[in-house]
Amino acid sequence: MLIFKRQLQLILVLIFTCAVYSAQINPFVSENIEQTISTKHLPLYNKARLSIESEQCKEAVVFVDSLITLYPENTGINYLAGMCFSHNENTKDRSIAPLKKIKPESDKVDNYHYWLGFAYEKNDSTTAAITAYSVFIAKESKNASPNTRLLKDAERRIENLNMSSSMKSFVNLVSVKNIGSPINTEASEYVPLLPSDGS
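So, here's what we can say about the structure. (Residues numbered from 1 in each chain as written. Predicted model: local features only at pLDDT ≥ 70, side-chain atom pairs only at ≥ 80, totals over all residues. Heavy atoms only, no water.)

### Some thoughts on the packing of helix α7 (residues 112–122) against helix α8 (residues 126–142)
Packed helices, taken two at a time, are described by their axes: the angle between them and the distance between them.
So, step 1. Interaxial distance between α7 and α8 falls to 8 Å at its minimum, and their mutual angle equals 165 degrees. When the interaxial angle is binned, α7 and α8 end up roughly antiparallel. Crossing handedness for the pair α7 and α8: left-handed. Mapping the contact onto sequence places His113, Tyr114, Leu116, Gly117, Phe118, Tyr120 and Glu121 in α7 and Ala128, Ala129, Ala132, Tyr133, Val135, Phe136 and Lys139 in α8.
So, step 2. Broken down by class, the residue content of the contact of α7 with α8 amounts to ten nonpolar, two polar and two charged. (Axes fitted to C-alpha atoms, helices over the stretch in contact; angles between N-to-C directions. Helix = DSSP H or I, 4+ residues; strand = E, 2+ residues; numbered from the N terminus. Parallel < 35°, antiparallel > 145°, perpendicular 65-115°, else oblique. Left-handed = near helix turned anticlockwise from the far one by under 90°. Contact = heavy atoms within 4.5 Å. Nonpolar A, V, L, I, M, F, W, Y, C, P; charged D, E, K, R; others polar.)

So, in structure tokens, the structure goes:
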């Protein structure tokens, strides 16, 4: 009986986990990709999708990069490219263009403005990132079932970006003085110390 209960719990956890992760890729994006790319390239998409659904966007970059080279005008692939490229330090500079390309269809793609804001943030475009996050918050707040995790994250990111913007205007009041001749001598001094009187 105990084994049966544990198996049932495991199955419920797996079902719940799959339900949570399957919501990450918008049905419009999946259908758009699956209906427009060649069947021989579907394995590439499936590898990318699995990486994204397990929240491993950095690993998906290789697959998405291949797909965007083959299908540069595909809305779904451009969305995935913008999302994945922004997670990788080597590709973050390429993350904004694919997202901007699909802006006319942004209403069909869940969390579009969040990922646009994230891409701007990773590319140090503070004002544009705050604007995109604000649009995301405004739209998502009106949603019948909002993505509370991304909403909270977008709000936190706006706070961080505002703080970093305000810190840029701070002036460093440190003055550097020459303390004279070198502290260390030619000897092997592993712990050079200065007495409190400075001599």
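Still more to cover.
### Here we look at α8
So, step 1. Across its 17 residues, α8 extends 25 Å between first and last C-alpha, which sits within 8% of the 24 Å expected from 1.5 Å per residue.
So, step 2. Where α8 is concerned, the buried positions are Thr126, Ala129, Ile130, Ala132, Tyr133, Phe136, Ile137 and Glu140. Down the axis of α8, the sector holding all buried residues measures 165 degrees, keeping them to one side. Opposite its buried face, α8 presents the exposed residues Thr127 and Lys142, each directed more than 90 degrees away.
So, step 3. Those residues of α8 hidden inside the fold are in contact with α7 and α9 (148–167). (Expected span 1.5 Å × (residues − 1). Buried < 20%, exposed > 50% of the residue type's maximum accessible area, 1.4 Å probe, protein only. Arc of directions from axis to C-beta.)

### Describing the nonpolar core
So, step 1. Counting residues in hydrophobic clusters, the biggest one holds 43 residues, and the most contacted among them are Ile52, Val64, Tyr79, Leu80, Tyr114 and Tyr133.
So, step 2. Looking at this core, the elements that each hand over two or more residues are α2 (27–36), α3 (42–53), α4 (57–70), α5 (75–85), α6 (96–101), α7, α8 and α9. (Core = buried A, V, L, I, M, F, W, Y, C linked by side-chain atoms within 4.5 Å.)

### So, α3
So, step 1. The terminal C-alpha atoms of α3, which comprises twelve residues, lie 16 Å apart, in line with the 16 Å expected from a rise of 1.5 Å per residue.
So, step 2. Those residues of α3 not exposed but buried are Tyr45, Ala48, Ser51, Ile52 and Glu53.
So, step 3. Positive backbone phi, approximately 55 degrees, marks Glu55, located one or two places after α3.

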